[in-house]
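# Structural features, examined
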Protein chains: 2
Amino acid sequence: MKDDGLVKEIPKKSENFSDWYTAVVLKAGLADYAPIRGCMVIRPHGYGIWENIQQRLDARFKATGHVNACFPTMVPESFFRKEARHVEGFAPEAWWVTHRGADKLEERLALRPTSEAVINAMFARWVKSWRDLPVLMNQWCNIFRAEKATRLFLRTSEFLWQEGHTLHRTEAEAEEETLKILDLYLDFLKNDLALPVLAGFKPESEKFAGADRTYTMEAMMPDGQALQAGTSHNLGQGFARAFEIKYLDENNTEQHPWGTSWGVSTRLIGALVMTHGDDRGLFLPPKVAPIQAAIVPILFGRNDTAVLDRCREARAALDGIRVRLDDATNQTAGWKFNQYEMLGVPVRVEIGPKDVEKQGAVLVPRDGSGKRFIKFAELRAEVESLLDEVQSKMYDSALARLRAMMSEAGDFDEFRRKLAERPGFVKVAWCGTQDCENRIIGETKTTPRVMVPAEQDKGNAPCIACGRETGTRIHYARTY
Amino acid sequence: MKDDGLVKEIPKKSENFSDWYTAVVLKAGLADYAPIRGCMVIRPHGYGIWENIQQRLDARFKATGHVNACFPTMVPESFFRKEARHVEGFAPEAWWVTHRGADKLEERLALRPTSEAVINAMFARWVKSWRDLPVLMNQWCNIFRAEKATRLFLRTSEFLWQEGHTLHRTEAEAEEETLKILDLYLDFLKNDLALPVLAGFKPESEKFAGADRTYTMEAMMPDGQALQAGTSHNLGQGFARAFEIKYLDENNTEQHPWGTSWGVSTRLIGALVMTHGDDRGLFLPPKVAPIQAAIVPILFGRNDTAVLDRCREARAALDGIRVRLDDATNQTAGWKFNQYEMLGVPVRVEIGPKDVEKQGAVLVPRDGSGKRFIKFAELRAEVESLLDEVQSKMYDSALARLRAMMSEAGDFDEFRRKLAERPGFVKVAWCGTQDCENRIIGETKTTPRVMVPAEQDKGNAPCIACGRETGTRIHYARTY
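Owing to the predicted nature of the structure, the values given are computational and were not obtained by experimental measurement.

## Thoughts on the interface of chain B and chain A
- Every contact between the two is made by 56 residues of chain B and, on the other side, 56 residues of chain A.
- Regarding the contact of chain B and chain A, the summed buried area is about 4,600 Å², with carbon and sulfur atoms giving 60% of it.
- On the chain B side of the contact with chain A, Cys70(B), Met74(B) and Arg100(B) bury the most area, a combined 15% of that side's loss.
- At the boundary of chain B with chain A, the tally comes to 4 salt bridges.
- The shortest N-O distance in the salt bridge between Asp32(B) and Arg125(A) comes to 3.3 Å.
- At the boundary of chain B and chain A, one finds 26 residue pairs in polar contact (both at pLDDT 80 or more).
- In terms of residue count, strand 5 (residues 95-100) of chain B provides more of the side of chain B that touches chain A than any other element does, 6 residues in total.
- Its residues assigned to classes, the side of chain B that touches chain A shows 34 nonpolar, 8 polar and 14 charged.
- The sheet contact formed by strand 5 (residues 95-100) of chain A and strand 5 of chain B spans 5 bridges and is antiparallel. Directly across from Trp95(A), in strand 5 of chain B, lies its bridge partner Arg100(B).

## Some details on the pattern of salt bridges
All names here are of chain B.
- Per the counting criterion, the structure on display carries 70 salt bridges over all chains.
- Taking the shortest distance from any N to any O, the salt bridge between Arg-312 and Asp-309 comes out at 3.1 Å. Of the two residues, Arg-312 and Asp-309 both sit in helix 10 (residues 304-317), 3 residues apart, roughly one turn of that helix.
- According to the relative accessible area criterion, Arg-312 is partly exposed, its value standing at 36%.

## What to know about the domain arrangement of chain A
Residues and elements named next belong to chain A.
- Along its sequence, chain A is carved into domain 1 (12-276), domain 2 (291-386) and domain 3 (406-479).
- Put simply, the middle of domain 1 and the middle of domain 3, counted by C-alpha atoms, are 27 Å apart.
- Both faces considered, domain 1 and domain 3 share a buried interface measuring about 1,400 Å² in area, 59% of it formed by carbon and sulfur atoms.
- For the interface between domain 1 and domain 3, the tally reads 2 salt bridges.
- For Glu-218, the salt bridge identified is with Arg-449, shortest N-O distance 3.1 Å.
- Counting the contacts that link domain 1 with domain 3 gives 7 residue pairs in polar contact (both at pLDDT 80 or more).
- Elements represented by at least two residues in the side of domain 1 that touches domain 3 include exactly strand 9 (198-201), strand 10 (213-220) and strand 11 (225-236).

## Here's the deal with the packing of aromatic side chains
All names here are of chain A.
- In total, this model carries 32 aromatic pairs over all chains according to the counting rule given.
- Measuring from centroid to centroid gives 6.3 Å for Phe-79 and Phe-243, while their planes differ by 50°, and the two rings are tilted. Taken together, the residues Phe-79 in helix 4 (residues 77-80) and Phe-243 in the loop between helix 8 (238-242) and strand 12 (247-248) connect sequence positions 164 residues apart.
- With relative accessibility at 11%, the residue Phe-79 sits in the buried group.
- Ring geometry for Phe-90 against Phe-208: centres 5.7 Å apart, planes inclined by 55°, an arrangement best described as tilted. Here Phe-90 is found in helix 5 (residues 84-90), whereas its partner Phe-208 is found in the loop between strand 9 and strand 10, with 118 residues between them in sequence.
- Members of the aromatic cluster, joined through ring pairs, are Trp-50, Phe-61, Trp-140, Tyr-185 and Trp-262.
- Its end group placed over the ring of Phe-79, Lys-82 keeps NZ or CZ at 5.2 Å from the ring centre.
- The positively charged end of Arg-348 is found above the aromatic ring belonging to Phe-337, 4.0 Å away from the centroid.

## What about the confidence of the model for chain A?
- Within chain A, residue pLDDT values average 94, and 98% of them lie at 70 or more.
- At the level of chain-chain contacts, confidence expressed as ipTM amounts to 0.95, with global pTM at 0.96.

## Observations concerning the sheet that holds strand 17 (residues 323-325) of chain B
Residues and elements named next belong to chain B.
- Taken in spatial order, the 5 strands line up as 17-16-19-20-21 in an open sheet, and their pairing is mixed. A single partner strand is all that each edge strand has here, and the edge strands are strand 17 and strand 21 (372-375). Averaged over all adjacent pairs, the angle separating strand axes in this sheet is 25°, with direction ignored.
- Where strand 16 (residues 293-297) meets strand 19 (residues 347-351), 5 bridges bridge the pair, whose relative direction is parallel. Looking at the pairing, Ala-294 lines up with Arg-348 of strand 19.
- On top of the sheet, helix 10 reaches strand 16, strand 17 and strand 19; it is set at about 165° to strand 16, its chief contact.

## A closer look at the relation of the copies chain B and chain A
- Superposing chain B onto chain A requires a rotation of 180° together with a translation of 0.0 Å along the rotation axis, leaving an RMSD of 0.0 Å. Taken together, the rotation and translation describe the operation of a two-fold axis. Within chain B, the C-alpha atom positioned nearest to the axis of rotation is that of Val97(B), 2.1 Å from it.
- The residues that chain B uses at the interface reappear at the interface of chain A in 100% of cases, marking a shared surface.

## Here's the deal with the sheet that holds strand 17 (residues 323-325) of chain A
Residues and elements named next belong to chain A.
- The mixed open sheet is built from 5 strands, whose spatial order is 17-16-19-20-21. Whereas interior strands pair on both sides, the edge strands pair on one side only; in this sheet they are strand 17 and strand 21 (372-375). Ignoring which end each strand starts from, the neighbouring axes of this sheet average 25° apart.
- For strand 16 (residues 293-297) and strand 17, the ladder comprises 3 bridges, and the chain directions are parallel. Bridge pairing in strand 17 places Ala-294 opposite Arg-324.
- Sitting on the sheet, helix 11 (residues 333-342) is in contact with strand 16, strand 17 and strand 19 (347-351), with an inclination near 175° to strand 16.
- Running at roughly 10° to strand 20 (residues 360-365), helix 13 (residues 379-404) makes contact with strand 19, strand 20 and strand 21 of the sheet.

## What about the pairing of strand 14 (residues 258-265) of chain A?
All names here are of chain A.
- Counting buried residues in strand 14 gives 8 out of 8 residues, a clear majority hidden from the surface.
- Here strand 14 shows two buried faces, one formed by Trp-258, Thr-260, Trp-262 and Val-264 and the other by Gly-259, Ser-261, Gly-263 and Ser-265.
- Strand direction decides the pairing type here: strand 8 (residues 158-168) and strand 14, joined by 8 bridges, are antiparallel. The partner of Thr-166 across the bridge, within strand 14, is Thr-260.

Rules and cut-offs
- Residues numbered from 1 in each chain as written.
- Chains lettered and ligands numbered in written order.
- Predicted model: local features only at pLDDT ≥ 70, side-chain atom pairs only at ≥ 80, totals over all residues.
- Heavy atoms only, no water.
- Contact = heavy atoms within 4.5 Å.
- Buried area = accessible area lost by both parts, 1.4 Å probe.
- Salt bridge = Lys/Arg side-chain N within 4 Å of Asp/Glu carboxyl O.
- Polar contact = N/O pair within 3.5 Å; in protein donor to acceptor, adjacent residues only side chain to side chain.
- Helix = DSSP H or I, 4+ residues; strand = E, 2+ residues; numbered from the N terminus.
- Nonpolar A, V, L, I, M, F, W, Y, C, P; charged D, E, K, R; others polar.
- Pairing = 2+ DSSP bridges.
- Buried < 20%, exposed > 50% of the residue type's maximum accessible area, 1.4 Å probe, protein only.
- Domains from an automatic or database assignment.
- Phe/Tyr/Trp six-rings, centres within 6.5 Å; stacked < 30°, edge-to-face > 60°.
- Lys NZ or Arg CZ within 6 Å of the ring centre and 35° of its normal.
- pLDDT = per-residue confidence, 0-100.
- Axes fitted to C-alpha atoms, helices over the stretch in contact; angles between N-to-C directions.
- Least-squares fit on C-alpha atoms with pLDDT ≥ 70 in both.

Shown next as structure tokens:
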């Protein structure tokens, strides 16, 4: 019954991962190339995923006391220059506005590559007393970074994200917030996106431009490249000093507050595609799938009315679940099966004349684990439980694949061998100097992704690059 | 018990409307001036209103089959130039990006003042067959127009909006969509924002740059100025021809589709402030108020625990309603009363030791219609019904004020007299020529806002400017 027309047009994931990825993103209607260099259009199916990501993350932000606001997109150049590390990191990739109408601007404006500068400038106006703290603010917005090599969702000149910006009275409170958000993100990635990651500090060279400490979440893609899924930064007092944010504490003494910032972006959609997709197309976790269940009538030209009526009953029974009933008559059921697999719909509901007769329906999970014949009266309970089952199995599979792509190496030769045998994260002892980092990058094209928490790896070992004893362990990998 | 500190800082609405407006927007924490010319920051209380507007409009868009997407912000100059009327209308107020990093761009890019150009360019890629129609797309995004004189929410260089863009097979279908959206907006303005408007065609001179027909909704502010609350445009085939959008119809013949576009913006927040606010601050319609009910404990330093416990019970009983319990001890109840009136919270719940004793609570609606003593057991039902009552009374009051600001004039002298006596909409017969429009603008500073539907005004009358007989009636007013 299957019509493989759609699927034949995409390369195999195992044979040409890069082309497979682009083909799935385009064919499933997640995104398209825009006629502006490096920019994409997020199409409705892709934007539907983002809406669900937004809704589920936003509820978590609000439950932890954060509020949303909206700051300007254009940032005066002088604002960037106030925090030295920040401008160094972001100026080379900024887009610059130089004219309004026919008039040349006195000072050029950058399209925000991130909003620390403009937000902290406003904080300086609003924060006066210890009673104004903490400030727990977030914004959902578009971000601009000049990128030359585009990959849809992973690297584009404009993308969507959320950026949290907070201020606190003490360094300890800022660190607590940084970690609270890291945990919130980890919970979301695990339970909603079924995306396992390694979490921990970034080494010095990979920190956010302006942060004291950056925590990262690093996912591993099937081609052996790490993908940074989100970051949470402890900004210390750097921005507060640069933008002269001061408050009077309870003893009437002027203090600088301590800041954090944190974000995840539409890049997560790319991670979902890569992690869960297969040769038949997308596979979306139920929690964020724009269509959670597709109802496909099996029509033979007789008893079609009874079948379609039953399908409409099914749609009504599944109210509250994101359902699409596809009653188009110009396509075969087989074509539709392929179509909804391509779109990553986690559960398909098939109803034909025999199912109507037997008071049943057929459920087909997208994971290939086989059809289930169920009683129509139990449709809703069965679909709900299958969605839960699919969601949790997706995480388990992804976690097993992540684990299979992690290894350890005791010296440089073993490190190279591990990278060649099984690309992924390779854990090594590393002294942390720029010289050793440069050598490793130069010889293997891998970069230091995420440090292993000290409590997990006690004791010294020789740095794989220079042989000096070090207590630091870190995961190296190639990256997007 | 009242502490008027907060309120004293704002001018009276009736004495200095313009300063009153700015003071309320700033004091209530809706918005602030950004350090970029003409730009604003939307602060959490203002953004909370926008989130509710988004949620309630978006549900209506989706219920009528529209889907969301995300298109690029930067639009190549050549794209604008494809539709002649369009570029003429928007080029003078565009912000221009000329550099990416250190490189000068070959073609400069405008920050979108509206997205017809880039969206129709993508439509040309996606639409091939009659089966691809209709296209019913919307995006929520930021918009950029170089404005010199800023008024928070009403006129800023960057603002937020939604813009719908659709394509249809016939002119009739496009007109049907244009009107369906106008109706959807009118329903939203009436039932959610309590905002009465006059709806109808724009005259030629006020049409959207590139539209065949523009429908507008015009609200009347208390200072006698009209405010355009939203527009719905029938674009005809202009953009489809300019961007070469073609599809094969059922007879395999190439056709251009017919387009529409429509939008409302954060300007609606300004309309809410002006329409419903008073000398005590904001007054927000319950449907979109970020805080629908504020619970204020009345504390005397004895039995406070019982009062606070009861307030927490009240918060739990009101679950699902947007409630804030203010248990801060460093401010008096009187200060809080003023504060929540300033913030426009539609209902206040007061609970003191006597209320605890009597198993009651006090409800105070923001409209000044007086306290209500209720049984605590009926708290939820009473608050819900009071919110409904407040919502519907807000519309009734606003409608009565709008009607009081509408008049008619038979000739130019009467027109001038009406404008002087009672600024607002003045309905006149008008021949529609640019000469007569120029004369009216020149002598009275009013512009033609919205045409009266033909079925409402039959028969000819002399144009107030030139005296020629005309069947056209139109509302003239000053405007923002």
